[in-house]
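The primary structure of each chain is shown beneath.
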Amino acid sequence: ALMRLCSKLAALLRRSRPFAAATAAASVSATATAAAAANGMEEAAAGPLRTRVCIIGSGPAAHTAAVYAARAELKPVLFEGWLANDIAAGGQLTTTTDVENFPGFPDGILGIDLMDRCRAQSVRFGTKIFSETVTSVDFSSRPFRVSSSDTVVHADSVVVATGAVARRLHFAGSDAFWNRGISACAVCDGAAPIFRNKPIAVVGGGDSAMEEANFLTKYGSRVYIIHRRDAFRASKIMQARALSNPKIQVVWDSEVVEAYGGSDGGPLGGVKVKNLVTGEVSDFQVAGLFFAIGHEPATKFLAGQLELDSEGYVATKPGSTHTSVKGVFAAGDVQDKKYRQWTTA
Ligand code: NDP
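About the criteria used
- Each chain carries its own residue numbering, running from 1 in the direction its sequence is written.
- Owing to the predicted nature of the model, reporting of local features is limited to residues with pLDDT of at least 70; listing and counting of side-chain atom pairs is limited to 80 or more, with chain, interface and lining totals taken over all residues.
- Hydrogen atoms and water are omitted, and side-chain values are computed over all heavy atoms in the structure.
- UniProt positions are given in the numbering used here, feature names are shortened, and annotations may be inferred rather than shown by experiment.
- Between any two strands, pairing holds if DSSP finds at least two bridges.
- Helix and strand labels come from DSSP, where a helix needs a run of H or I of at least four residues and a strand needs a run of E of at least two; each type is numbered from the N terminus.
- Near residues are defined by distance, with any heavy atom within 4 Å of the molecule or strand qualifying the residue.
- Contacts described as polar in this section are N or O atom pairs within 3.5 Å, which, within protein, must combine one atom able to donate a hydrogen with one able to accept it, while residues neighboring in sequence count only if both atoms come from side chains.
- Computed by Shrake-Rupley with a 1.4 Å probe, the accessible areas treat only the displayed protein chains as cover when residues are assessed.
- Side-chain classes follow a simple rule in which Ala, Val, Leu, Ile, Met, Phe, Trp, Tyr, Cys and Pro form the nonpolar group, Asp, Glu, Lys and Arg form the charged group, and the remainder, Gly included, forms the polar group.
- Nine residue types can take part in a nonpolar core, namely buried Ala, Val, Leu, Ile, Met, Phe, Trp, Tyr and Cys, and a core is a set of them joined through side-chain atoms within 4.5 Å.
- When a residue's accessible area, from a 1.4 Å probe over protein chains only, is under 20% of the maximum for its type it is buried; when over 50% it is exposed; and in between it is partly exposed.
- What counts as an axis is a line fitted to C-alpha atoms, over the stretch in contact for a helix, and the angles between N-to-C directions run from 0 to 180 degrees.
- Should an angle fall under 35 degrees it is taken as roughly parallel, and over 145 as roughly antiparallel, whereas 65 to 115 is taken as roughly perpendicular and any remaining angle as oblique.
- For a crossing to be left-handed, the near helix must be turned anticlockwise from the far one by less than a right angle; the clockwise case is right-handed.
- Only heavy atoms matter for contacts: two residues are in contact if any of them lie within 4.5 Å across the pair.
- One side-chain nitrogen of Lys or Arg within 4 Å of one carboxyl oxygen of Asp or Glu is enough to make a salt bridge.

- Going by the annotation in an unreviewed UniProt entry, the name recorded for the chain is Thioredoxin reductase, with Aegilops tauschii subsp. strangulata given as the source organism.
- Under the UniProt heading Sequence similarities (unreviewed entry), the entry covering the chain gives this text: "Belongs to the class-II pyridine nucleotide-disulfide oxidoreductase family."
- The annotation that UniProt attaches to the chain under Catalytic activity (unreviewed entry) is "[thioredoxin]-dithiol + NADP(+) = [thioredoxin]-disulfide + NADPH + H(+)".

A short note on the sheet that holds strand 10 (residues 182–183)
Thinking step 1. The sheet built from five strands is open, its strands ordered 10-17-11-12-13 with parallel pairing. The outermost strands of the open sheet, each flanked by one partner alone, are strand 10 and strand 13 (248–251).
Thinking step 2. Where strand 12 (residues 222–226) and strand 13 come together, four bridges link them in parallel fashion. Considered in strand 13, the bridge of I225 is made with V250.

Considerations on the site of the ligand
Thinking step 1. In the vicinity of the ligand, 20 residues are found, and the nearest of them are G205, D207, S208, R229 and R233.
Thinking step 2. Side-chain polar atom of E211 to a nitrogen atom of the ligand: 3.3 Å apart, as the coordinates give it.
Thinking step 3. For the ligand, whose free accessible area comes to 920 Å², the fraction covered by protein is 76%.
Thinking step 4. Ranked by residue count, the leading element in the shell around the ligand is helix 7 (residues 207–216), at three residues.
Thinking step 5. Its residues assigned to classes, the shell around the ligand shows five nonpolar, nine polar and six charged.

As for the nonpolar core
Thinking step 1. The biggest cluster of nonpolar side chains holds 25 residues, and the ones touching the most others in it are V202, M210, L216, I225 and F290.
Thinking step 2. When contributions to this core are tallied by element, the ones reaching two or more residues are helix 6 (186–189), strand 11 (199–203), helix 7, strand 12, helix 8 (236–243) and strand 13.
Thinking step 3. Here the element with the most residues in this core is helix 7; it accounts for five residues.

Description of the packing of helix 4 (residues 60–71) against helix 5 (residues 111–124)
Thinking step 1. Orientation of helix 4 relative to helix 5, taken along the N-to-C sense of each, is 25°, at an axis distance of 9 Å. Comparing the axis directions of helix 4 and helix 5 gives the class roughly parallel. Two packed elements cross with a definite hand, and for helix 4 against helix 5 that hand is left-handed. Side by side, helix 4 and helix 5 meet where P60, H63, A66 and V67 of the first sit next to M115, C118, R119, Q121 and S122 of the second.
Thinking step 2. Class assignment for the residues of the contact of helix 4 with helix 5 results in five nonpolar, three polar and one charged.

Details of the pattern of salt bridges
Thinking step 1. Applying the stated criterion across every chain yields a total of eight salt bridges.
Thinking step 2. Between D175 and R168 there is a salt bridge, with the nearest N and O atoms lying 3.7 Å from each other.
Thinking step 3. Residue classification places R168 among the partly exposed residues on the basis of a relative accessible area of 32%.
Thinking step 4. Linking D309 and K337 is a salt bridge whose minimum nitrogen-to-oxygen distance equals 2.8 Å. A residue pair is termed long-range when its members are at least 10 positions apart, and D309 in the loop between strand 18 (295–297) and strand 19 (328–330) and K337 in the segment after strand 19 qualify at 28 residues.
Thinking step 5. Note on K337: relative accessible area 31%, which makes it partly exposed.
Thinking step 6. Through salt bridges with shared partners, one network takes in R50, R52 and D156.

Focus: the sheet that holds strand 16 (residues 281–284)
Thinking step 1. An order of 14-15-16 is seen for the three strands of this open sheet, with the pairing classed as antiparallel. Two strands in the sheet have a free side with no partner beyond their single neighbour: strand 14 (254–261) and strand 16. Averaged over all pairs of adjacent strands, the angle between strand axes in this sheet comes to 25°, irrespective of strand direction.
Thinking step 2. Judged from the seven bridges that link them, strand 14 and strand 15 (residues 268–275) form a sheet pairing that is antiparallel. Within the sheet, the bridge partner assigned to S254 lies in strand 15 and is N275.

The structure is reproduced here in structure tokens:
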């Protein structure tokens, strides 16, 4: 019964998102080690752990690396993080609903279910998984060193597959109402009661903005897409879905300049939106504001030890996963700002 409880706690925590995650993480931290053990994860090692391959990440690229390395009997060690970058283990796909474009699932599959399957496949072939966030690496000499708060791994080779995280905008009130109406993940937070039957806004003009706006029409009375230009970059099919949804209204050529609270001093009460052509500022009384404006690669922990490009993505030699350090490889969204798809990761 204890094992089942711990397993359930770990699964719940892996699924929890920012609105719920902060409290959930604090309240169950004491059970984390037990939960990890029950879930087939490795507990913290006493001294440095030696491995041929250490993988950092928990998304499609990380688990693909783990499955291949494990089947090649390289006994990989994988750090999946503990709410690293504020995202549950499994990465960005855990923040989406139906994945319809991954081959082999003609009826679609929930992102979280797809990632649970990937993890199970890595474990099946003997990958050791630590539910800890990597805080530093040392690639200056061999073996390479990869450290979390509890564990140090010495590795002959390292795969960096830490993905990317959603970008946020900053304006008056954006921090005060963060997680109090403002979010960067509609799928994670959209179902919260504060948004039910209330107007909601999404910022962005890419596929994410279209997807999130459509998703939010399930909960909100109306959804505004606020976009800084007069055209979307989203794919035609995603645009068509959004534009034909009667609950969606587009606010072109505009940016949010301020967020303010409700009259009761509670969460978000609305936003001021500036038209970038006319300069006019309008008031939108929305209960929710969701950023869907792209992502930042999760590379800060590398502390300059790998060559990065101008936008902070790991630089890889064209057509390969080789980085600037021999024996250190990068895969997935942490080095791909063009395709950013499961299949390419
Ligand atoms: P994108 O980079 O494609 O789009 C980001 C959007 O945010 C753009 O419209 C951009 O405006 C806007 N933006 C960026 N910075 C700012 C800012 N500072 N202020 C205001 N607006 C800003 O990111 P997405 O997350 O939408 O998509 C990433 C990738 O994932 C794409 O390849 C996409 O196709 C894919 N994807 C696919 C999905 C699917 O097929 N189901 C679902 C979601 C994503 P501008 O256009 O003016 O630059």
